[in-house]
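One letter stands for each residue in the lines below.
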Amino acid sequence: MKNTKAGALSARTWSSIVVFGLIGQIAWVVENMYFSRFMQNEITRAPYATTLLVAFSAIFATLATLVGGALCDRTGKRKVYISVGYIVWGFTIAMFALVPMKPSADKVLPLVILVVAMDCIMSVIGSISNDAAFNTWVTDISNTSNRAKVDTVLAVMPLFSIAIVFVGFDSLTNENASAADWKKFFVLLGLITTIGGIIGLFLMKDKAGIQPNKENAFLSDFTYSLQPKVIKENKMLYWCLAGNMISAVGYQVYVNYLFNIVEGTMKIKDYIIPIAIIGVVAAVGSVVVSALMDKFGKKHFYYPVIIAGIAGSVIVWASKFLIGKNEKTLIAVLIVGGILLVGVSLVMAGLFTASYRDYIPEGKEGLFQGCRMVMYVLVPMVVGPLVAQFIINMANRGVTNEADIVYPMELFLGAAFVMLFCFIPARIVRNNQPKRHEQLMKELETE
């Protein structure tokens, strides 16, 4: 008998997806964007500090996800790790209110080390609860008929979270922010995350019928998705992740400096409205595209999406020639390029992450979150900032005063160059994924 509701999800399930997707991304926005801004504005503008912050966070987040994914499968539970994790996660964010700011030259390095260490602790908690447990739960409750939609909705959450933080809290973090403003920022954002975890205790439900899986030793589960044999047996899964990995490397080239590029390099002081336009249009457009992907198949979207991402990067870079000349035209060009750039980063989830979930073997949902973190978080957050640091250092040759360091528009050209490599995994996934999708759809129809 044909299952006509194979892609239907309950209101409670969608509520859990949206609530935990949104609040989790609010917390990650603080970590991925505002911690970098905090480091650059309140500790040091030297790019090495931002590179260390991002890279070590990625390393610890990846290790934590490997542990968290193994625990999810071994215990057969997701909700407890998500809800309790979010509660503790909020406290680790609020702790940043205690960090001293504007240090003297001899105290810069110790404070860089302190901030990096605190960020690593926060990343461990966030990765176990969000990257491991929540993503495992999403894999549980979704299937091939709705995953492009679910993953694109989740990919839109960072934009909504940025909008929320921008409108409600950005004034506490700009170049005129005081130490008291930053303290208030961290406490309020930490409180939101903790409240989200409390809500989860009552809202979220694990999928029925999940059984603990303790077939292998914990160490084996910990390294499962990184074992050569497993990679060979599930090679298409890793090609899907490779596409997302390359896109994420390009994103990491510029994202950690985005605020200071717009506010400092481009000299746009009233940036909230153009950034909001970019976010809203990109979010709506990505949801529309994801619906079209579910309807017509992902095969037709890989190449156009990559081309759009490269074009967006080049357009934003080209806006440099308008800086200090015509602000209205500068903002217009930024909006056009930004919509393409941000929209593509969202649609990539519907393309590659949804395809990756289709290839996860049943009963191994948690174990395969580790390889996702290695390829989607660890590699991009190490390689991307290193590329950015090289570009920034080249653009600032001869600069001796740290306060005079400029974050160049060429970061977007670097992102465009990286995106070119997306065509390799895109071609492989494009030629193979439709067969897997058709197979899974037939299985759903016979249930």
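The structure we're discussing is the one just above.
Residues numbered from 1 in each chain as written. Predicted model: local features only at pLDDT ≥ 70, side-chain atom pairs only at ≥ 80, totals over all residues. Heavy atoms only, no water.

Enquirer: I'm lost on the overall build of the protein chain in this one. Help?
Expert: Looking only at helices and strands, the protein chain features 16 helices and zero strands. A globule of 447 residues ought to have a C-alpha radius of gyration of about 22 Å, and the protein chain, at 21 Å, matches this closely. With respect to the principal axes defined by its C-alpha atoms, the protein chain has extents near 70 × 40 × 40 Å. Here the protein chain, with 447 residues, has 55% of them falling under the buried criterion. Across the protein chain, every contact between residues at least 6 apart in sequence was considered, and the portion connecting residues at least 24 apart equals 87%. (Helix = DSSP H or I, 4+ residues; strand = E, 2+ residues; numbered from the N terminus. Rg over C-alpha atoms; globule rule 2.2 N^0.38 Å. Buried < 20%, exposed > 50% of the residue type's maximum accessible area, 1.4 Å probe, protein only. Contact = heavy atoms within 4.5 Å.)

Enquirer: Just to check I follow, could you spell out the nonpolar core for this structure?
Expert: The nonpolar side chains of soluble globular proteins are, as a tendency, buried together. F185, F186 and L411 are the most contacted members of the largest nonpolar core, which has 81 residues in total. Residue contributions to this core peak at 15 residues, all from helix α1 (residues 11-43). Apart from the residues lying within four places of it in its own chain, the contact partners of F186 are V30, F35, F38, I93, A94, F96 and A97. Among the nonpolar cores identified, the runner-up in size contains 37 residues, and C240, V344, Y359 and M375 belong to it. (Core = buried A, V, L, I, M, F, W, Y, C linked by side-chain atoms within 4.5 Å.)

Enquirer: When you look at the packing of aromatic side chains in this model, what are you seeing that I'm missing?
Expert: Remark: the centre distance and the inter-plane angle together describe each pair of aromatic rings, the angle taken between the planes. Within the structure shown, the criterion is met by 22 aromatic pairs. Where F185 meets F186, the ring centres are 5.4 Å apart and the plane angle is 70°; that geometry is what we call edge-to-face. Considered together, F185 and F186 belong to a single accessibility category, that of buried residues. Ring geometry for Y303 against F423: centres 6.0 Å apart, planes inclined by 55°, an arrangement best described as tilted. With Y303 in helix α12 (residues 302-318) and F423 in helix α16 (residues 423-445), the pair connects residues that are 120 residues apart, well separated along the chain. Here the aromatic residues Y34, F35, F38, F96, W182, F185, F186 and F259 are joined through ring pairs into a cluster of three or more. (Phe/Tyr/Trp six-rings, centres within 6.5 Å; stacked < 30°, edge-to-face > 60°.)

Enquirer: Teacher, can you tell me more about unusual backbone geometry here?
Expert: Negative phi is the rule for most residues except glycine; trans is the rule for most peptide bonds. Here K102, not a glycine, exhibits a phi torsion of approximately 50°, which is positive. With respect to the helices and strands, the residue K102 is situated in the loop between α3 (79-94) and α4 (108-141). The exposed category is assigned to K102, whose relative accessible area is 57%. At K267, a position not held by glycine, the phi torsion is positive, near 60°.

Enquirer: Explain the pattern of salt bridges here, please?
Expert: Oppositely charged side chains are able to pair whenever their charged atoms sit close together. Inspection of every chain in the model, using the stated rule, returns six salt bridges. For the salt bridge of R78 with D140, the shortest nitrogen-to-oxygen distance reads 2.6 Å. A residue pair is termed long-range when its members are at least 10 positions apart, and R78 in the loop between α2 (47-75) and α3 and D140 in helix α4 qualify at 62 residues. For D140, a relative accessible area of 7% gives the class buried. (Salt bridge = Lys/Arg side-chain N within 4 Å of Asp/Glu carboxyl O.)

Enquirer: Any chance you could explain the state of the cysteines here in plain terms?
Expert: What makes a disulfide is a covalent bond joining the sulfur atoms belonging to two cysteines. Overall, the coordinates contain zero disulfides when judged by the stated rule. No disulfide involves C72; its sulfur sits 14 Å from the nearest other cysteine sulfur, which is in C371. Unpaired in this structure, C240 has its nearest cysteine sulfur neighbour in C371, at a distance of 11 Å. (Disulfide = S-S within 2.5 Å.)

Enquirer: Would you take a moment to explain helix α10 (residues 258-265) for this structure?
Expert: Count 3.6 residues to each turn of an α-helix, and residues three or four apart come out pointing the same way. Of all eight residues that make up α10, six are buried, and the element is covered over most of its length. Considered for burial, the residues of α10 that qualify are F259, N260, I261, V262, E263 and T265. K267 lies just past α10 and shows a positive phi near 60°.

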